[in-house]
Structures are given as structure tokens and as C-alpha cells.
Amino acid sequence: MLFFKPKCSDCGKREPIVHTDNITTMTNGDLTFRYCSDCYQKREAIVAENKEKDRKRFEPMRKEQEKQHRYEYLKREIELVELEQKAKELGIK
């Protein structure tokens, strides 16, 4: 029996495989992707680049949300202080 090295899913070379992804399909089948070291490094670089792009893209929205949450928090705090003052004026507390 002959042993064949598996091919890299990206480049098709029969180099040593350093990473394998198994993805389950909706029909309960499995897709297996094998990557050599060069393709895996390229893939990891692309993933890191995409994460950085997403972070930069969502950063202004996240900051705006934090600003809005802070504004709402301060607004509630002011309302509580005003209610406490009214309660003291009416002699409830």
C-alpha cells in the first residue's frame, strides 16, 4: 500500500500539513481543509488584517454607544438627586 501526503487545500502542494480545519455541513457531512505552513501563515495574516479592519470600522460606533450610555447614566443620577431634594422639601424623608 502506498502512502500519499495530503495536498494543501490552497496551493495544492504536497508539503507537510501544519493546520487542518474540519467544517460540518448542514447535511451532516464534513469538509476538511488542510494547509501547509506558507498558506496557513498567509491565512492567519489575512484574518488578523480583517480583525483590525473591523475594529477600526466599529470603533466610532462603540465610542458613540459608550458616550450615549454615560449620558443616560448621568441623566438618571440627576433625576435621582432632584427626586431626593423634592422628598426633603415635602418632608417625606
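Moving on, we get to unusual backbone geometry. A positive phi angle is found at Asn-28, which is not glycine, with a value near 60°. By secondary structure assignment, the location of Asn-28 is in the loop between β1 (17–24) and β2 (30–36). Judged by relative accessible area, Asn-28 falls into the exposed class, the value being 70%.

A few words on the pairing of β1. With 7 bridges connecting them, β1 and β2 associate as antiparallel partners. Counterpart to Thr-20 in the pairing with β2 is Arg-34. Counting the residues in the hairpin turn of β1 and β2 gives 5 residues, including Asn-28, whose phi is positive at 60°.

This part covers the environment of Thr-32. On the secondary structure map, Thr-32 appears in strand β2. On the accessibility criterion, Thr-32 (34% relative accessible area) is partly exposed. In sequence terms Thr-32 and Asp-21 are 11 residues apart; their C-alpha atoms lie 5.7 Å from each other. Within the structure, the side chain of Thr-32 is placed 3.0 Å from the side chain of Asn-22, a separation counted as a polar contact.

We now examine the pattern of salt bridges. A complete count under the given rule lists 7 salt bridges for this structure. We note a salt bridge from Arg-62 to Glu-59, for which the minimum N-O separation is 2.4 Å. Linking Arg-62 with Glu-59, this pair stays in helix α1 (residues 37–90), spanning 3 residues, or about one helical turn. Judged by relative accessible area, Glu-59 falls into the buried class, the value being 19%. Across the salt bridge formed by Arg-62 and Glu-66, the nearest N and O atoms sit 2.5 Å from each other. Of this pair, Arg-62 and Glu-66 both sit in helix α1, separated by 4 residues, roughly a single helical turn. A relative accessible area of 37% means that Arg-62 is categorised as partly exposed. With relative accessibility at 45%, the residue Glu-66 sits in the partly exposed group. Salt bridges linked by common partners bring Glu-52, Arg-55, Glu-59, Arg-62 and Glu-66 together as one network.

A word on the environment of Glu-15. Take Glu-15: it is sitting in the segment before β1. Residue Glu-15 is classed as partly exposed on the basis of its relative accessible area of 28%. Taking the C-alpha atoms as reference points, Glu-15 and Asp-38, 23 residues apart in sequence, are found 9.7 Å from one another.

Cut-off values and rules
Residues numbered from 1 in each chain as written. Predicted model: local features only at pLDDT ≥ 70, side-chain atom pairs only at ≥ 80, totals over all residues. Heavy atoms only, no water. Helix = DSSP H or I, 4+ residues; strand = E, 2+ residues; numbered from the N terminus. Buried < 20%, exposed > 50% of the residue type's maximum accessible area, 1.4 Å probe, protein only. Pairing = 2+ DSSP bridges. Polar contact = N/O pair within 3.5 Å; in protein donor to acceptor, adjacent residues only side chain to side chain. Salt bridge = Lys/Arg side-chain N within 4 Å of Asp/Glu carboxyl O.

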